[in-house]
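Next come the chains, spelled out residue by residue.
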Amino acid sequence: MTDRRLAIDAWESLFRAQHEVFGDINEDFHDETLNQAEYDVLLTVTRGENMTARLRDVTANMLISQPSVSRLVDRMVARGLISKCADPDDGRGSLVKATDAGAALFRRVAGAHGRAIAERMSILSDDELQQLRELTAKLRKKQPSC
């Protein structure tokens, strides 16, 4: 049986570390370019085939509600970052696709964001990063990817 106090202490440490790191990393995003939520949408979309993803897959990857994702996607369409159309394979669903402008902006922000993440995480060794990835995957009940 897990030690309850140790479990609570570890959880609080994980939560505080996540909050602090997220605060540092969030400084990479500016509303005049991309905010964190828009970045997350474009991350999912640009990883898809032909830079396209089903709206339900975008929603599944977000930490906000489905109505909030729908409003966010509509704002991004209005900004010319993505396009949205009916999913030909699912009449109830939609596809979202990065526009050339959206993909270019994503690549620019992703480069700086990736460097900031690597710098922030550089206090850990490669072995520690691997262990962290495995532990967090275990907490999320997912197998780590190679």
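Cut-off values and rules
- What you see as residue numbers is a count from 1 along each chain, following the sequence as written.
- A pLDDT threshold of at least 70 governs which residues receive local features in this predicted model, and a stricter bar of 80 or more applies before side-chain atom pairs are shown or counted, although totals over entire chains, interfaces and linings include all residues.
- The basis for every side-chain value is the complete set of heavy atoms in the structure, and neither hydrogens nor water enter the calculation.
- The helix count covers DSSP runs of H or I at least four residues long, the strand count covers runs of E at least two residues long, and both are numbered beginning at the N terminus.
- A simple rule labels every residue: compare its accessible area, found with a 1.4 Å probe on the protein chains alone, to the largest value its type can have, and call it buried under 20%, exposed over 50%, or partly exposed in between.
- Whether two residues are in contact is decided by their heavy atoms: any pair within 4.5 Å suffices.
- Throughout, the Shrake-Rupley method with a 1.4 Å probe supplies accessible areas, and for residues the shown protein chains are the sole cover considered.
- The charge count treats Lys and Arg as positive and Asp and Glu as negative. His and the chain ends do not count.
- By convention, the point assigned to a charge is CZ for Arg, NZ for Lys, CD for Glu and CG for Asp.
- At least two bridges found by DSSP between two strands are what make those strands a pair.
- Between Lys or Arg on one side and Asp or Glu on the other, a salt bridge is scored when a side-chain nitrogen of the former is within 4 Å of a carboxyl oxygen of the latter.
- Stacked, tilted and edge-to-face are the three classes applied to pairs of Phe, Tyr and Trp rings, where Trp contributes its six-membered ring and a pair requires centres within 6.5 Å; stacked means planes under 30 degrees apart, edge-to-face means over 60, and tilted covers the rest.

**Student:** Quick one: what's the story with the overall build of the chain, residue by residue and with numbers?
**Tutor:** Summing up its helical and strand segments, the chain has 6 helices and 3 strands in all. What you see in the chain, going N to C, is helices and strands ordered as α-α-β-α-α-β-β-α-α. Across its three principal axes, the chain shows a C-alpha extent of roughly 50 × 35 × 30 Å. By the burial criterion, 27% of the 146 residues in the chain qualify as buried. Within the chain, residue pairs in contact and separated by at least 24 positions form 49% of the contacts whose partners lie at least 6 positions apart. In the form shown here, the chain has an accessible surface area of approximately 10,400 Å², with 54% of it arising from carbon and sulfur atoms. When the 21 positive and 23 negative side-chain charges of the chain are each reduced to one mean point, those points stand 5 Å apart.

**Student:** Break down the environment of Ala137 for me, citing the residues and quoting the values.
**Tutor:** Assignment of secondary structure puts Ala137 in helix H6 (residues 126-139). Sequence spacing of Ala137 and Leu95 is 42 residues, and the spatial spacing of their C-alpha atoms is 28 Å.

**Student:** Describe the pairing of strand E2 (residues 82-87), and please don't skip the residues or the numbers.
**Tutor:** Pairing analysis gives 6 bridges linking E2 to strand E3 (residues 90-98), with the strands arranged antiparallel. By the bridge assignment, Lys84 is partnered in E3 with Val96. Hairpin remark: E2 followed by E3, antiparallel, with 2 residues in the connecting loop.

**Student:** Residues and numbers for the pattern of salt bridges, please.
**Tutor:** The final tally for this structure, using the stated rule, is 8 salt bridges. Among the salt bridges present, the one from Arg54 reaches Asp87, with a minimum N-O distance of 2.9 Å. Of the two residues, Arg54 is situated in strand E1 (residues 52-54) and Asp87 in strand E2; the sequence distance between them amounts to 33 residues. What makes Arg54 partly exposed here is its relative accessible area of 27%. A relative accessible area of 4% means that Asp87 is categorised as buried. Measuring nitrogen to oxygen at the nearest pair gives 3.7 Å for the salt bridge that ties Arg54 to Asp89. On the criterion of sequence distance, the pair formed by Arg54 in strand E1 and Asp89 in the loop between E2 and E3 is long-range, its members being 35 residues apart. By relative accessible area, Asp89 is classed as exposed at 65%.

**Student:** Could you give an account of the pairing of E3, with specific residues and numbers?
**Tutor:** Along a regular strand, successive side chains alternate from one face of the sheet to the other. Judged from the 3 bridges that link them, E1 and E3 form a sheet pairing that is antiparallel. Note on E3: the bridge partner recorded for Thr52 is Lys97.

**Student:** A description of the packing of aromatic side chains should follow, citing residues and the corresponding values.
**Tutor:** Scanning the model with the defined rule gives 2 aromatic pairs in all. Among the aromatic residues, those joined into a ring-pair cluster are Phe29, Tyr39 and Phe106.

**Student:** Lay out unusual backbone geometry in plain terms, naming residues and giving numbers.
**Tutor:** Generally, phi is negative for residues other than glycine and the peptide bonds are trans, each holding for most cases. Not every positive phi belongs to a glycine, and Asn50 is a case in point at roughly 60°. Positionally, Asn50 belongs in the loop between helix H2 (36-47) and E1. At Met51, a position not held by glycine, the phi torsion is positive, near 55°. Here Met51 is to be found in the loop between H2 and E1.

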